[in-house]
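The residues making up each chain are set out below.
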Amino acid sequence: MKVYIVPNTTKPRAVPVALQAADILRHSGAEVILDPVFQLSHKKQSIHYLPSEQAFSACDVVITVGGDGTILHIAKECLYANKPILGINLGRTGFLATCEVEEMPQKLSALAEGRYELDRRTLLKAYLEGEEPMTRTALNDVVIYKGSRLQTIDFKVYCDDILVNRCAGDGVILATPTGSTAYSLSAGGPILDTHIQGIVVTMICAHSLHQPSMVFAADRKIRIEVDGRNRNEVFLSTDGTTEHQLQNKCNIQVELLKECLHLITFNPADQFDAIDKKLRGR
């Protein structure tokens, strides 16, 4: 097995933990790949140093060292390369990065020996219509939000071209089941089993007495129509990054991507274990 390790270099512990992971994997019979940027400062004869594109092509598995944000950052490359991900968690929660540092000897040895399962995760595809069309993918969520606290923004929600909601508020979150424990949950949305295929639509600070979240089936196409009378700046982001300013009177089409991302798991109940330990604080 060939394992490509990607540490988040903005975290001080990431590179030392990545090298520790590399030693565990090599002693378990796996080959380890790192980016050439680490070759001068942390060169080891037993590690292969390859540029990102070659590493994704050569590896069987990708390991990230950081947090959920590190996985979100690299998810698209893993999706297109059809490589599964295991995240070593250095962050605060770790719903996607399910291997804690103290678990590395056990879990990485199991990985090298092929004793793991693949957990399929759906992604969203967002398509911005207009003079400059744009397509983005998201593992967690697509968020449309206002740029100022002074005014709310008005928008409409369509499902398969049928109007299902009008709303004024701070914005709207369209989340996958994976993203249902992220921003959508903070805005009052439900937690979905990640084995469910669907889209969660949650309003952000709606200017209304009652605006419950809606959950749509996997084959539905959701369209958000931003009202042209908005005086506020409106932005779109995917997975908390790649902010893009929207024009008033625009449409954003959102649907589930046909391809899935695979996360490596050693316990089918990892999601519920994370909810119990990290959301309830046990």
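Here is what the cut-offs are and how they apply
- In this convention, every chain numbers its residues from 1, walking through the sequence in written order.
- Only residues with pLDDT of at least 70 are given local features in this predicted model, and only at 80 or more are side-chain atom pairs given and counted; all residues enter the totals for whole chains, interfaces and linings.
- The basis for every side-chain value is the complete set of heavy atoms in the structure, and neither hydrogens nor water enter the calculation.
- UniProt positions are given in the numbering used here, feature names are shortened, and annotations may be inferred rather than shown by experiment.
- Only DSSP runs of H or I reaching four residues or more are called helices, and only runs of E reaching two or more are called strands; each is numbered from the N terminus.
- Put simply, the radius of gyration uses C-alpha atoms, and a globule should come to 2.2 Å times the residue count raised to 0.38.
- We call a residue buried when its accessible area falls under 20% of the maximum for its residue type, exposed when it is over 50%, and partly exposed in between, using a 1.4 Å probe and counting protein chains only.
- Computed with the Shrake-Rupley method and a 1.4 Å probe, the accessible areas treat only the protein chains shown as cover for residues.
- For the purpose of charge, His is not counted, nor are the chain termini; Lys and Arg are scored as positive and Asp and Glu as negative.
- Where a charge lies is defined by one atom per residue type, namely NZ (Lys), CZ (Arg), CG (Asp) and CD (Glu).
- In the sections that follow, a salt bridge refers to a side-chain nitrogen of Lys or Arg positioned within 4 Å of a carboxyl oxygen of Asp or Glu.
- Any two residues having at least one pair of non-hydrogen atoms within 4.5 Å are treated as being in contact.
- Think of it this way: a Phe, Tyr or Trp ring, Trp meaning its six-membered ring, pairs with another when their centres are within 6.5 Å, and the plane angle makes it stacked under 30 degrees, edge-to-face over 60, tilted otherwise.
- When DSSP finds two or more bridges between a pair of strands, those strands are recorded as paired.

An unreviewed UniProt entry lists the protein chain under the name NAD kinase, with Candidatus Allofournierella pullistercoris as the source organism. According to the UniProt record, the Sequence similarities (unreviewed entry) comment for the protein chain is "Belongs to the NAD kinase family." Checking UniProt for the protein chain, the heading Subcellular location (unreviewed entry) contains the comment "Cytoplasm".

**Q** Which parts of the structure should I look at to understand the overall build of the protein chain?
**A** When helices and strands are counted, the protein chain shows six helices and 18 strands. The C-alpha radius of gyration of the protein chain comes to 20 Å, within 12% of the 19 Å expected for a compact globule of 282 residues. With respect to the three principal axes, the spread of C-alpha positions in the protein chain is 60 × 40 × 35 Å. Looking at the protein chain as a whole, 51% of its 282 residues are labelled buried. Counting every atom, the protein chain has about 13900 Å² of accessible surface; 48% of that belongs to carbon and sulfur. Each charge class in the protein chain was averaged separately, 30 positive and 33 negative side chains, and the resulting centres sit 2 Å apart.

**Q** For this particular structure, what's the right way to read the pattern of salt bridges?
**A** Side chains that carry opposite charge are capable of pairing whenever their charged atoms lie near each other. A complete count under the given rule lists nine salt bridges for this structure. A salt bridge links Asp119 to Arg121; the nearest nitrogen and oxygen atoms lie 3.1 Å apart. Of the two residues, Asp119 and Arg121, neither departs from the other in class, the shared state being buried. Here Arg220 ties to Asp160 by a salt bridge, and the two come within 2.9 Å at their closest N and O atoms. Residue Arg220 is found in the loop between strand E14 (214-217) and strand E15 (222-226), and its partner Asp160 is found in the loop between strand E10 (153-159) and strand E11 (162-169); the two are separated by 60 residues along the sequence. Residues participating in the shared-partner salt-bridge network are Asp161, Arg223, Glu225 and Lys249.

**Q** Would you take a moment to explain the environment of Met134 for this structure?
**A** With respect to the element layout, Met134 can be found in strand E8 (residues 134-138). In the structure, Met134 is positioned 78 residues away from Phe56 in sequence and 25 Å away in space, judged by C-alpha atoms. Not counting the four nearest positions on each side in its chain, Met134 is found in contact with Ala126, Tyr127, Leu128, Leu236 and His244.

**Q** In this structure, what is going on with the packing of aromatic side chains? I would like to understand it.
**A** Any pair of aromatic rings gets described here by the distance separating the centres and the angle formed by the planes. Evaluated as defined, the whole model comprises two aromatic pairs. A ring pair is formed by Tyr4 and Phe56, whose centres lie 5.4 Å apart and whose planes are at 85 degrees; its orientation type is edge-to-face. With a gap of 52 residues between them, Tyr4 in strand E1 (residues 2-7) and Phe56 in helix H2 (residues 52-58) connect regions that are remote in the sequence. Judged by its relative accessible area of 4%, Tyr4 is buried.

**Q** It is not clear to me how the pairing of E10 should be interpreted in this structure. Could you clarify?
**A** Look at any regular strand and the pattern is simple: side chains alternate between the two faces of the sheet. Of all the seven residues making up E10, five are buried; the element is thus mostly covered by neighbouring parts of the structure. Both E10 and E11 contribute to a ladder of seven bridges, which runs antiparallel. Across the sheet, residue Cys159 finds its bridge partner in E11, namely Ile162. The loop that links E10 with its antiparallel partner E11 comprises two residues; one of these, Asp160, has a positive phi angle of about 50 degrees. Across five bridges, the pairing between E10 and E15 is antiparallel. The residue of E15 that forms the bridge with Phe155 is Val226.

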